[in-house]
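# Structural description and commentary
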Amino acid sequence: EGVVLPNGQRLTYKLNAFRIFLLTYGAALYFGFVSRQLDLGWLYDNFAQLLTAAIIFSSGLSVYLYASSFQKGALLSGHGATGYPAYDFWMGRELNPRLLRGAFDLKEFCELYPGMIGWALINLGMAHKQWAATGSITTSMLLVNVFQLYYVMDALWCEKAILTTMDITTDGFGFMLAFGDLAWVPFTFTSCARYLVDYPQHLSPAATCLVLGVKLLGYSIFRGANSQKDMFRANPADPAVAHLRTLKTERGTQLIISGWWGTARHINYFGDWIMGVAWCMPAGVQGLAAVVPYFYCIYFASLLIHRERRDEHACRLKYGKDWDKYCALVRYRIVPYLY
Ligand SMILES: NC(=O)C1=CN([C@@H]2O[C@H](COP(=O)(O)OP(=O)(O)OC[C@H]3O[C@@H](n4cnc5c(N)ncnc54)[C@H](OP(=O)(O)O)[C@@H]3O)[C@@H](O)[C@H]2O)C=CC1
Ligand SMILES: CC(C)=CCC[C@@H](C)[C@H]1CC=C2C3=C(CC[C@@]21C)[C@@]1(C)CC[C@H](O)C(C)(C)[C@@H]1CC3
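Residues numbered from 1 in each chain as written. Chains lettered and ligands numbered in written order. Predicted model: local features only at pLDDT ≥ 70, side-chain atom pairs only at ≥ 80, totals over all residues. Heavy atoms only, no water.

If you look the protein up in an unreviewed UniProt entry, it shows as Delta(14)-sterol reductase ERG24 from Chlamydomonas incerta. The UniProt entry for the protein carries the following text under Sequence similarities (unreviewed entry): "Belongs to the ERG4/ERG24 family." Recorded in UniProt for the protein, the comment headed Catalytic activity (unreviewed entry) runs: "4,4-dimethyl-5alpha-cholesta-8,24-dien-3beta-ol + NADP(+) = 4,4-dimethyl-5alpha-cholesta-8,14,24-trien-3beta-ol + NADPH + H(+)". (UniProt positions renumbered as here; feature names shortened; annotations may be inferred.)

See below:
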């Protein structure tokens, strides 16, 4: 798959994330739970050491990325090469640093492979630790594993969708994404699963149904909105999206102003956040008091609010006054009738 950058340059990517996920996660499942030759609980026992290693590695990678971005011919990010070293180190100067004569894209790899697959494996390790300690896996631990596993699989199966995100097309590869991909995602997104090893929660059937309902609501909005936009961007004449009302723009690309995208300018973020709440709910009311298992949905709200502002800025540059027209038609940023 390829992506055409704002400067017209076309980059190609080899998409192997889902296959590598199947190999690694499948092996962990078999050797951990079937042949029982692998103690996945080791991930729980050595969590702090692994996190420390991830922080050290991502920091070292960031130093390499910053230094190598000064090589002649490096393709720089539009807003990561400001001349302010601290900001450029954080955001990343080079847009798509590569190895092996351009065959290995460091940013795309780090964004989807070690962090996302690591997230699923650490969750599995938490479930294995609970299973080894108690002889069973609670409904709450199962829900967290299944929910987040599905999210990881969705991201890896739809790997080419990441090629049009701002992280690939616009943001440089610096400490924010290196640390975010390799340390933040696998070690903070697993907070709830880790909490459930120390404080097992037993959900009632009613509570389980409530969690499932919230997850289904969030996923319907997330998948419905993202698929609608992806289909429209791929082929506006597709019968599934041809009925949508749109705003024609001088840029040439149309903006959807009905369907999911008529309710809020980033309705997909709202669905994603609702899913995040469903991932935390298995920790129950006791988890709320502990805060840690609800960290994901608290952090995620701040990330999405900030991300929406960054995308708004990018869209205002892309669309100019047409974006103002769009904002007048679709007044809410993320939450319909609220924000
Ligand atoms: N779990 C996590 O930590 C994270 C999850 N995500 C998720 O990733 C998904 C993708 O988010 P993100 O990468 O921010 O990008 P989005 O999928 O939100 O896409 C934003 C782009 O879509 C286009 N667009 C915006 N409005 C419209 C419209 N009305 N009609 C047609 N096109 C429109 C614009 O690009 P153009 O017009 O140029 O096509 C805009 O720049 C989201 O669901 C988000 O929740 C994102 C970050 C972190
Ligand atoms: C505090 C701090 C260092 C934050 C760094 C932000 C990163 C954690 C996120 C920035 C963009 C991300 C994306 C995903 C995960 C989190 C990070 C890396 C993503 C891979 C999750 C799955 C989605 O389907 C996605 C592929 C669209 C998404 C891409 C952006």
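### With respect to the site of ligand 1
In the region of ligand 1, 27 residues are neighbours, and Tyr 269, Asp 272, Arg 307, Asp 311 and Tyr 319 sit closest. Here an oxygen atom of ligand 1 sits 2.5 Å away from a polar atom, N or O, in the side chain of Tyr 269. Asp 272 has a polar side-chain atom sitting 2.6 Å from an oxygen atom of ligand 1. Isolated, ligand 1 exposes 920 Å² of accessible area, and the fraction of that covered by the protein chains is 86%. Within the residue set of the shell around ligand 1, elements represented by two or more residues are helix H11 (205-234), strand E6 (255-256), helix H12 (267-280) and helix H14 (295-319). Top element by residues in the shell around ligand 1 is H14. It accounts for nine residues. Tallied by class, the residues present in the shell around ligand 1 amount to 15 nonpolar, five polar and seven charged. (Near = heavy atom within 4 Å. Polar contact = N/O pair within 3.5 Å; in protein donor to acceptor, adjacent residues only side chain to side chain. Areas by Shrake-Rupley, 256 points an atom, 1.4 Å probe, with all protein chains shown as cover. Helix = DSSP H or I, 4+ residues; strand = E, 2+ residues; numbered from the N terminus. Nonpolar A, V, L, I, M, F, W, Y, C, P; charged D, E, K, R; others polar.)

### Side note on the UniProt feature "transmembrane region" (unreviewed entry) in the protein
Annotation from UniProt places "transmembrane region" (unreviewed entry) at residues 18-35, 47-67, 131-152, 173-197 and 203-222. Taken as a whole, residues 173-197 contains 84% helix and 0% strand, while its terminal C-alpha atoms sit 34 Å from one another. A distance of 25 Å separates the end C-alpha atoms of residues 203-222, which is 90% helix and 0% strand.

### Let's talk about the site of ligand 2
As a matter of local geometry, ligand 2 sits amid 15 residues, with Glu 111, Ala 155, Asp 167, Asp 181 and Arg 307 nearest to it. Here ligand 2, which alone exposes 640 Å², has 82% of that area covered by the protein. Listed by contribution, the elements that provide at least two residues to the shell around ligand 2 are helix H7 (139-157), helix H9 (175-188) and H14. When residues of the shell around ligand 2 are assigned to their parent elements, the largest contribution, seven residues, is made by H9. Here the shell around ligand 2 is built from residues that sort into 10 nonpolar, one polar and four charged.

### Notes on the packing of aromatic side chains
According to the stated counting rule, one finds 34 aromatic pairs in the structure shown. Note on Trp 119 and Trp 279: the rings are 5.6 Å apart at their centroids and 65° apart in plane angle, and the pair reads as edge-to-face. Taken together, the positions of Trp 119 in helix H6 (residues 114-134) and Trp 279 in helix H12 put the pair 160 residues apart, joining distant regions of the chain. With respect to burial, Trp 119 and Trp 279 carry one shared label: buried. Taking the centre distance of 5.3 Å and the plane angle of 10° together, the rings of Phe 175 and Phe 179 count as stacked. Taken together, the residues Phe 175 and Phe 179, both in helix H9 and four residues apart, mark about one turn of the helix. Between the NZ or CZ atom of Arg 93 and the centre of the ring of Phe 70, over which it lies, the distance is 3.8 Å. (Phe/Tyr/Trp six-rings, centres within 6.5 Å; stacked < 30°, edge-to-face > 60°. Buried < 20%, exposed > 50% of the residue type's maximum accessible area, 1.4 Å probe, protein only. Lys NZ or Arg CZ within 6 Å of the ring centre and 35° of its normal.)

### Thoughts on a nonpolar patch on the surface
Side chains of Tyr 30, Phe 31, Val 34 and Leu 38 sit close together on the surface and give an oily, nonpolar patch of about 370 Å² of accessible area. Inspection of the secondary structure puts Tyr 30 in helix H1 (residues 17-34). Residue class for Tyr 30 comes out partly exposed when judged on its relative accessible area of 42%. (Patch = residues over 30% accessible without salt bridge, like charges linked within 9 Å, V, L, I, M, F, W, Y side chains within 5 Å. Salt bridge = Lys/Arg side-chain N within 4 Å of Asp/Glu carboxyl O.)

### A look at the nonpolar core
Counting 77 residues, the largest nonpolar core has Phe 21, Trp 119, Met 126 and Leu 156 as the members making the most contacts within it. Beyond its immediate sequence surroundings of up to four residues, Met 126 is in contact with Tyr 44, Phe 47, Met 141, Ala 193, Arg 194 and Val 197. Cys 315, Trp 323, Cys 327 and Val 330 belong to the second largest nonpolar core, which has nine residues in total. (Core = buried A, V, L, I, M, F, W, Y, C linked by side-chain atoms within 4.5 Å. Contact = heavy atoms within 4.5 Å.)

### Notes on H14
Helix length check: H14 (25 residues) gives 35 Å between terminal C-alpha atoms against 36 Å at 1.5 Å per residue, within 8%. What H14 keeps buried is the set Tyr 296, Cys 297, Tyr 299, Phe 300, Leu 304, Arg 307, Glu 308, Asp 311, Glu 312, Cys 315 and Tyr 319. In this fold, the buried residues of H14 make contact with helix H8 (166-169), H9, H11, E6, H12 and helix H15 (321-329). Directly beyond the C-terminal end of H14, a positive phi value near 60° is found at Gly 320. (Expected span 1.5 Å × (residues − 1).)

### Some points on the environment of Val 211
You can see Val 211 is positioned in helix H11. Linking Val 211 and Met 275, residues 64 residues apart in sequence, is a C-alpha distance of 9.6 Å. Aside from chain neighbours lying at most four places away, what touches Val 211 is Leu 143, Phe 147, Leu 203, Ala 278, Met 281 and Pro 282.

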